[in-house]
Amino acid sequence: MVKRIALKTALAAAGLLLAAGFAATPAAAWVGFWGRPYWGGPFYGPYPYYYPPPVVYPPPPMVYAPPPVVVTPAPPVYMQQPAQANSWYYCDNPQGYYPTVQHCSTAWRQVPAQPAR
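Quick summary incoming for the structure in this document. Since this is a predicted model, take the numbers as computed values, not measurements.

Definitions and cut-offs
Note that residues are indexed from 1 along each chain, following the sequence as it is written. Local features in a predicted model are, by the rule used here, given only for residues with pLDDT of at least 70; side-chain atom pairs are given and counted only at 80 or more, and totals for whole chains, interfaces and linings are based on all residues. Just so you know, side-chain values use all the structure's heavy atoms and leave hydrogens and water out. By the criteria applied, helices consist of DSSP H or I runs no shorter than four residues and strands consist of E runs no shorter than two, each listed in order from the N terminus. To sort residues, take the accessible area from a 1.4 Å probe on protein chains only and compare it with the maximum for the residue type: under 20% means buried, over 50% means exposed, and anything in between is partly exposed. Should any heavy atoms of two residues lie within 4.5 Å, those residues are considered in contact. Here the Shrake-Rupley method, with its probe set to 1.4 Å, supplies the accessible areas, and only the displayed protein chains count as covering residues. Nitrogen and oxygen atoms within 3.5 Å of one another constitute a polar contact, given that in protein one can donate a hydrogen and the other can accept it, and given that sequence-neighbouring residues count only through two side-chain atoms. Any two strands with at least two DSSP-identified bridges between them are counted as paired.

### Some thoughts on the overall build of the protein
Scanning the protein from terminus to terminus reveals one helix and three strands. Helices and strands in the protein line up, N terminus first, as α-β-β-β. Here the protein, with 117 residues, has 8% of them falling under the buried criterion. For the protein, restricting intrachain contacts to residue pairs at least 6 apart in sequence, the fraction spanning at least 24 positions comes to 15%. When the accessible surface of the protein is summed, it comes to about 11,800 Å², and 68% of that surface belongs to carbon and sulfur atoms.

Here's what the structure looks like:
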């Protein structure tokens, strides 16, 4: 008699487990292509997709501006012009003063200007 109760309990437990299994998964998971049952569940996951590796570009070359070149200009040099209004130029060979004689074979002599009379 104990064997009979144990067998009934085992069959009842198996039936409950089987009913729980059918209730938890859809019927299509238990029936294959031709109606043959198979063990396994439905596969609802995404297809395996692998992203391409990231493209790593090299950094741009570092370009530095050359240092500025500062050139200070030389200070202006002022030269005093000779006072031409107060002196005349005389040539000994040929004899004469500058505007009249254009070319002198010797050096010009600077003489004080004489006022016009």
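Now that the structure is up, let's keep going.
### Here's the deal with the side chain of Ser87
Relative to the helices and strands, Ser87 is located in strand S1 (residues 87–91). Looking at Ser87, the relative accessible area reads 7%, which means it is buried. Polar contacts involving the side chain of Ser87 include one to the side chain of Gln110, which spans 2.8 Å. Not counting the four nearest positions on each side in its chain, Ser87 is found in contact with Gln110, Val111, Pro112 and Ala113.

### Quick notes on unusual backbone geometry
With an omega of -15°, the peptide bond running from Asn93 to Pro94 counts as cis. For Pro94, the position within the fold is in the loop between S1 and strand S2 (96–97).

### A word on the pairing of S1
Inspection of the sheet shows S1 paired to strand S3 (residues 109–112) by four bridges, in the antiparallel sense. Opposite Trp88, over in S3, you have Val111 as the bridge partner. Pairing between S1 and S2: two bridges, direction antiparallel. Its bridge partner being in S2, Tyr90 is matched across the sheet by Tyr97. Counted along the chain from S1 to the antiparallel partner S2, the turn is four residues long.

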